[in-house]
Amino acid sequence: MVDTVNSLVARLHEVLVALLTDGATAVAPGRDGSAGLHDVVARATALGPDGTWLVGAGHSSLFGLAVARGQADQAVFHLDAAVTAGFNDCVVLHADPIRPLHHDPRFRALYERMRVTQADLDEFHWLHQEMQTMSREAQQASVDNIGRLDTGVSLLPQAPLPTREPNTLGVLITRIDLAATQTALRQAAVKADFQRSSGNTSLSLIDDSWDHPRATRDAWHADELDTRRQQAAEARAFVERPGAGTTLVPCPPLGSLTYPG
């Protein structure tokens, strides 16, 4: 099968979802998922200019893995390759795990190479805010499902990805990160819900003490929560700010941004 940009986007999404799902082992040497990322980088490189931003996406993820393992030299190496390929997400570079690198002159030099537009910077803030928001939604949904006696399964709603034409291809990299986060969180939520639902189904078959009226109320309440969450997710959709600049400028000074929390 001949690689295309779309097929490699799908492959990268798959690799990132696996990394997010298997986070407990993702930072263990030899079991860190880096093989899949290196494969994406190699195949994207073979696509030529069309695949350059995917090369940046692979290296930016490898940068994140190196940071998680405390490998500063590897982190700088992959960030260099990512920036060269178009990575310019200055917002994520202000996340807590990355802040220790701010004192590394090599990191600072790479940061100063990046350029961004105000319109793209607005979207970077939104993309990372949505990752945090959906993570909180998933945690709250898990709490809300404790003790549910119905056998229904709820999907975790997700905000639509932005469709604006970005000024820099680096935005596409972070969109993939958000899409992978959405998929991983939804898969985890559905898996847990299926386990609860299956347990309740078994209980209803073997135990006459199962509370049918309560199960009905729980199902109604879950549907109500699902509707509210879906409406909230749709309301969070990115809206481009009128007049946001589209001229490439240096990223805001290192240390001046606050990662969405």
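The structure this text deals with has already been given above.
If you're wondering where the values come from, they're calculated on a predicted model, not measured in any experiment.

Asks: Mind showing me how you'd approach empty space enclosed by the protein here?
Replies: It is a probe the size of a water molecule, rolled over the atoms, that shows where empty space is left. Inspection of the entire model under this criterion finds one cavity of 30 Å³ or more. Here the largest cavity defines a volume of roughly 30 Å³. Along the walls of the largest cavity sit Asp144, Asn145, Arg148, Ser154, Ala222, Leu225, Asp226 and Arg229, which together make up its complete lining. No other element matches the four residues that helix α9 (residues 212-235) contributes to the lining of the largest cavity. By residue class, the composition of the lining of the largest cavity is two nonpolar, two polar and four charged.

Asks: It is not clear to me how the layout of surface pockets should be interpreted in this structure. Could you clarify?
Replies: In this model, the largest pocket occupies a volume close to 1100 Å³. Around the largest pocket, the lining comprises 34 residues; the ones closest to its centre are Leu20, Gly64, Met131, Asp177 and Thr181. At the level of secondary structure, the elements contributing two or more residues to the lining of the largest pocket comprise α1 (5-21), α2 (23-26), α4 (52-68), α7 (118-144) and α8 (170-206). Examining the composition of the lining of the largest pocket, we find that nine residues originate from one element, α8, more than from any other. Considering only residue class, the lining of the largest pocket consists of 20 nonpolar, eleven polar and three charged.

Asks: I'm lost on the packing of α4 against helix α5 (residues 72-84) in this one. Help?
Replies: To describe two helices that pack against each other, one gives the angle between their axes and the distance between the axes. In the contact formed by α4 and α5, the axes pass within 8 Å of each other and the chain directions differ by 165°. Judged by the inter-axis angle, α4 sits roughly antiparallel to α5. Judged by the sense of rotation from one axis to the other, the crossing of α4 with α5 is left-handed. Taking contact as the criterion, the partners of Gly56, His59, Ser60, Leu62, Phe63, Ala66 and Val67 in α4 are, on α5, Gln74, Ala75, His78, Leu79, Ala81 and Ala82. Looking at side-chain class alone, the contact of α4 with α5 contains eight nonpolar, five polar and no charged residues.

Calculation rules
Residues numbered from 1 in each chain as written. Predicted model: local features only at pLDDT ≥ 70, side-chain atom pairs only at ≥ 80, totals over all residues. Heavy atoms only, no water. 1 Å grid on protein atoms, 1.4 Å probe; cavity = no way out; pocket = protein on both sides within 12 Å on 5 of 7 lines; lining within 4 Å. Points joined across faces, edges and corners; volume = space filled by probe spheres on them. Helix = DSSP H or I, 4+ residues; strand = E, 2+ residues; numbered from the N terminus. Nonpolar A, V, L, I, M, F, W, Y, C, P; charged D, E, K, R; others polar. Axes fitted to C-alpha atoms, helices over the stretch in contact; angles between N-to-C directions. Parallel < 35°, antiparallel > 145°, perpendicular 65-115°, else oblique. Left-handed = near helix turned anticlockwise from the far one by under 90°. Contact = heavy atoms within 4.5 Å.

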